[in-house]
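Chain and residue survey
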Amino acid sequence: MKISSVNEMREMDRAAIEQYGIIEEILMENAGLAAFGVIAEQIGAEGKAFLIFCGGGNNGGDGLVVARKIHSDGGKAHIIMLGDPDGFRGAARTNFNIVSRLPVTITRISAADEVRGEFERCDAVVDAIFGTGLVRDVGGKYREIIEMINAARKPVISLDIPSGVHGDTGNVMGVSVRADHTITFGLPKIGNLLYPGYALGGTLHVTHISFPPSLYRSDALHMAVSVPPALPPRNPDGHKGSFGDVLFIAGAAGYYGAPCFAALSFMKAGGGYARLAAPASVTPFIAAKGSELVFIPQKETPSGSIALENRDVLTEISRDMDMVVIGPGISLDRESQELVREMARRADVPLLADGDGITALCGDHTEILRQRKAPTVLTPHMGEMARITGLSVAEISADKVGVLRRTAADLNAVIVLKGAHTLIGLPDQRVFLNMSGNSGMATAGSGDVLTGTIAAMFGLGLPLADAVRKGVFIHGLSGDLAAREKGEDGITARDITEFLPDAMKADREGIDSGLRARYTIDVIA
Ligand SMILES: NC(=O)C1=CN([C@@H]2O[C@H](COP(=O)(O)OP(=O)(O)OC[C@H]3O[C@@H](n4cnc5c(N)ncnc54)[C@H](O)[C@@H]3O)[C@@H](O)[C@H]2O)[C@@H](O)CC1
Ligand SMILES: [K+]
């Protein structure tokens, strides 16, 4: 499913109206009707009392449609007008005129306290205060009302997006409604799916409000929920080289975990042949944990990191590889950092840089990436993304998708921006949002497991961009399977690695309905 920005959704609304003559009243009716469907299913309508908080824009207009439907189906709708109804235009005005003639209570309030007592008498709250038109931080009576809604402990249904969440970022503009269900219109907006917005929305439902598919599936929409292609079948006649031959250049004195998790995860996720080039003195420690790996002990710097003088041998080996992974635990040693850059210049096979490997390629050195002929994959977390782009974390957070899109295109790299709902940016400007995974995976070494998993997907034969998306998905699935067994609190990188075979099996044989529901977005009429 595609994901839309606020502007793209405005453009779709405009196109629906102008190109197809689907007038605004129809769109708003569809929106309200779908929302009412969820309300009827979750709460019921007949004999139930609802508080419907409406702002002064079209989101409020949607709320008025819901109020009409509730009334029509035998429920009690009490509309609380926060905005000025004189400001309603178009379809919202039409709906306000209708509800004004119905025996529906409309209370216009200037202070939150005026409705404090109402919450006790209602069965559920409809949040139609702000939608995609939210432009500044929420304050004054709006803030108080939102805090009151959250404190009331009644079921809350948000229309389009929880009021207070920004549609393009998922960030909270001062304060936000916390909903049990959100019905979003047309397509999910970025803010419905990025945290914290995603978590604040409860269960997300999408209705296409009768847009034709040519609009909501348009190629002009660059962002989508990541649904990676199926795993290629394993060749029954294959040998270890048929499932990927990957060189991992990783590790330093004191950093045994990262190289070990990266290379072992590659094996656990179905990869064939992992060669690990780690400092000679570190190799025996890793070998004790992973005798399945093939070791290429490296000459060391005085600090115990991989020395630059290994570059020719590593370049030679890289020629026969399907992929080179560089960076997990490689340290910030000056020589090792230079080695990363040298390998990025020299490796003419796909290169995946992670951790300290990314650091080596930031700042003035990004030019090396632009000049690479073979594909590059980078797997930064937010801090590393800040280093790559020269922006602050706050600046990225204010436009995560835009920054990712521009950077992937600029560096001609596939960039995995790690976090809850990891984003994958491709050089052709497309951005995918991954739905698997959980908070327990925010743990040391988790990124190294991801690196190995992506390499394995490539080794199994998926094209690079698909392999990256699949790797991100399988990594999250593995974490979800681990969490189901152990709970989210205690998951370690080792658990994520250990569950990779189960994740692969589940992916091949069918993911159970509980998890599948979490990974897909509910579409309603
Ligand atoms: N054709 C369309 O455009 C459709 C739009 N729909 C609804 O329309 C919504 C967008 O409508 P609008 O663009 O009118 O915007 P909203 O209804 O989201 O809100 C805009 C209103 O809130 C005010 N506002 C913004 N931030 C504020 C703040 N921090 N404090 C106080 N007031 C603030 C604005 O001045 C404006 O009056 C969507 O989210 C969706 O719910 C749906 O009806 C479907 C069709
Ligand atoms: K809302």
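Because the structure is predicted, anything quoted here is derived from the model rather than measured.

Parameters and conventions
Residues numbered from 1 in each chain as written. Chains lettered and ligands numbered in written order. Predicted model: local features only at pLDDT ≥ 70, side-chain atom pairs only at ≥ 80, totals over all residues. Heavy atoms only, no water. Domains from an automatic or database assignment. Contact = heavy atoms within 4.5 Å. Buried area = accessible area lost by both parts, 1.4 Å probe. Axes fitted to C-alpha atoms, helices over the stretch in contact; angles between N-to-C directions. Helix = DSSP H or I, 4+ residues; strand = E, 2+ residues; numbered from the N terminus. Parallel < 35°, antiparallel > 145°, perpendicular 65-115°, else oblique. Left-handed = near helix turned anticlockwise from the far one by under 90°. Nonpolar A, V, L, I, M, F, W, Y, C, P; charged D, E, K, R; others polar. Buried < 20%, exposed > 50% of the residue type's maximum accessible area, 1.4 Å probe, protein only. Pairing = 2+ DSSP bridges. Right-handed = clockwise from strand over helix to strand, strands pointing away. UniProt positions renumbered as here; feature names shortened; annotations may be inferred. Donors = N, O, S within 2.8 Å, 3.2 Å for Na, K, Ca; no water. Near = heavy atom within 4 Å. Polar contact = N/O pair within 3.5 Å; in protein donor to acceptor, adjacent residues only side chain to side chain. Areas by Shrake-Rupley, 256 points an atom, 1.4 Å probe, with all protein chains shown as cover.

To continue, consider the domain arrangement of the protein. One frequently used descriptor of interface size is the decrease in accessible area upon assembly of the parts. You can read the domains of the protein as domain 1 (2-219) and domain 2 (240-509). If you average the C-alpha positions of domain 1 and of domain 2, the two centres end up 42 Å apart. Taken together, the eight residues of domain 1 in the interface contact 10 residues of domain 2. In this assembly, domain 1 packs against domain 2 so that about 720 Å² is buried in total across both faces, 69% of it on carbon and sulfur atoms. Area buried by domain 1 at its contact with domain 2 is led by Leu193, Leu194 and Tyr195, which between them contribute 53% of it.

Moving on: the packing of helix H2 (residues 24-42) against helix H3 (residues 58-72). For the pair H2 and H3, interaxial distance at closest approach is 8 Å and the crossing angle is 55 degrees. The angle between the axes of H2 and H3 places the two elements in the oblique class. Handedness of the crossing formed by H2 with H3: right-handed. Where H2 abuts H3, its residues Glu24, Met28, Glu29, Ala31, Gly32, Leu33, Ala35, Phe36 and Ile39 lie against Asn58, Gly61, Asp62, Val65, Val66, Arg68, Lys69 and Ile70. Looking at side-chain class alone, the contact of H2 with H3 contains nine nonpolar, three polar and five charged residues.

Moving on: the pairing of strand E13 (residues 323-326). Where burial is concerned, the two faces of E13 agree: the one with Met323 and Val325 and the one with Val324 and Ile326 are both buried. As paired strands, strand E10 (residues 245-249) and E13 are joined by four bridges and run parallel to one another. Its bridge partner lying in E13, Phe248 is registered against Val325. Strand direction decides the pairing type here: E13 and strand E14 (residues 351-353), joined by three bridges, are parallel. Note that in E14 the partner of Ile326 across the bridge is Ala353. Following the backbone out of E13, through helix H12 (residues 334-346) and into the adjacent parallel E14, one traces a crossover that is right-handed.

So, on to the sheet that holds strand E1 (residues 2-3). The 11 strands are arranged E1-E9-E18-E17-E16-E15-E14-E13-E10-E11-E12 in an open sheet whose pairing can be described as mixed. The open sheet has two free edges, formed respectively by E1 and strand E12 (294-295), since each of these has just one partner strand. Its contacts with the sheet put helix H18 (residues 446-459) on E10, E13, E14 and strand E16 (413-417), and the angle it makes with E13 is roughly 175 degrees.

Right, let's get into the UniProt feature "domain: YjeF C-terminal" (unreviewed entry) in the protein. Taken from the UniProt record, the annotation "domain: YjeF C-terminal" (unreviewed entry) applies to residues 223-507. For residues 223-507, the end-to-end C-alpha separation is 23 Å, with 45% helix and 13% strand making up the annotated structure.

All right, on to the coordination of the potassium ion (ligand 2) then. Surrounding the potassium ion (ligand 2) are the protein donor atoms Asn59 (OD1), Phe130 (O), Leu159 (O), Ile161 (O) and Ser163 (OG), at 2.6 to 3.0 Å. Site description for the potassium ion (ligand 2): donor spacing in sequence, N-x70-F-x28-L-x1-I-x1-S. Separated by 33 residues along the polypeptide, Phe130 in the loop between strand E5 (124-128) and helix H5 (140-151) and Ser163 in the loop between strand E6 (156-159) and strand E7 (181-185) bring together distant segments of the chain. Its relative accessible area of 19% is what places Phe130 among the buried residues.

Residues in contact with ligand 1 amount to 21 residues; listed here are only the nearest, Asp13, Asp62, Gly131, Arg136 and Asp160. At 2.8 Å from an oxygen atom of ligand 1 is found a main-chain nitrogen or oxygen belonging to Asn58. The separation between an oxygen atom of ligand 1 and a polar side-chain atom of Asn59 is 2.8 Å. Coverage of ligand 1 by the protein amounts to 80% of the 880 Å² it exposes when considered alone. Among the elements of the structure, H2 and H3 are those that each provide at least two residues to the shell around ligand 1. In terms of residue class, the shell around ligand 1 is built from nine nonpolar, six polar and six charged.

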